[in-house]
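Notes for the structure review
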Amino acid sequence: FRTVEPLEYYRRFLKENCRPDGRELGEFRATTVNIGSITTADGSALVKLGNTTVICGVKAELAAPAADSANKGYIVPNVELPSLCSEKFRSGPPGEEAQAASQFIADVIENSQMIVKEDLCIANGKLAWVLYCDIICLDYDGNLLDASVFALLAALKNVQLPSVVINEETGLSEVNLKQKTPLIIRKHPVATSFAIFDDTLLIVDPTAEEEDLATGTVTIVTDEEGRLCSVHKPGGSPLTGAKLQDCITRAITRHKEVKKLIDKVIKSITPK
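Definitions and limits used
- Residues numbered from 1 in each chain as written.
- Predicted model: local features only at pLDDT ≥ 70, side-chain atom pairs only at ≥ 80, totals over all residues.
- Heavy atoms only, no water.
- Helix = DSSP H or I, 4+ residues; strand = E, 2+ residues; numbered from the N terminus.
- Buried < 20%, exposed > 50% of the residue type's maximum accessible area, 1.4 Å probe, protein only.
- Areas by Shrake-Rupley, 256 points an atom, 1.4 Å probe, with all protein chains shown as cover.
- Lys, Arg positive; Asp, Glu negative; His and termini not counted.
- Charge placed at Lys NZ, Arg CZ, Asp CG, Glu CD.
- Expected span 1.5 Å × (residues − 1).

**Observations concerning the overall build of the chain**
Scanning the chain for helices and strands turns up five helices and 12 strands. Considering the chain as a whole, with its 272 residues, one finds that 44% of them fall into the buried category. Carbon together with sulfur atoms contributes 52% to the accessible area of the chain, which is approximately 13,800 Å² in total. On the chain, the mean spot of the 30 positive side-chain charges and the mean spot of the 37 negative ones are 5 Å from each other.

Spelled out as structure tokens, the structure:
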């Protein structure tokens, strides 16, 4: 029945206010985060949301700032959906979903001001940091955006940048790898995604199957002050103001859960 009439199968569960995997409509899958697992990156994190597994590695490099923004560094996010994470994706250049996800992450970084690009400048007009943030999905089971934003935030919290000074006499940069400082993270954006069923019903943290059956999806990004950083709604069913308000309230609660999780993990790995 599930294979022949998946939507009907889901509706029977939703009528009872639960889902085939046993979760309530407003319940997230088990979430875990592991920080600093890639030793070759300057910061990394692995996030699991149910079966969806995303890893983020941050690589910091030095570059000259752009002429029109001499006092700013760069952040370059890139989301990859390799064919190994789901049969839905093919090998080759990034597909539509990966490009849309990369753009979404770039917008979140910009709108939330989680990192102010001025903080990445080392010497005005001469030298700045470039942070390459590679977000790779290892196992795809829906809700890629929540996992990606979470992995990015956790990886950035793990970054330690060496101190860099420009030698006045030679004009060359000198890097001191012994003296490292964490990145300044000014805001902690967290994404919360919902799938809309039959134009009216909202379920949180959808699996891949739920996303396929849904009539639309919406992702709300909030920061620790409960401010809205971004609302991402790629087409699909319209949402009433009241439903959207519901989503925002749920997103603010989710933010606290995720923040607590990150803080706990960071605390557990900081040297006493």
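**Considering unusual backbone geometry**
A positive phi angle is found at N17, which is not glycine, with a value near 60°. Position of N17 relative to the elements: it lies in the loop between α1 (6–15) and β1 (31–35). Notably, N143 is not glycine yet its phi reads approximately 50°, a positive angle. In this fold, N143 is placed in the loop between β6 (127–139) and α3 (144–158).

**Digging into α3**
The first and last C-alpha atoms of α3 sit 21 Å apart over 15 residues, in line with the 21 Å expected at 1.5 Å per residue. Along α3, 14 of the 15 residues are buried, which leaves the element largely enclosed by surrounding structure.

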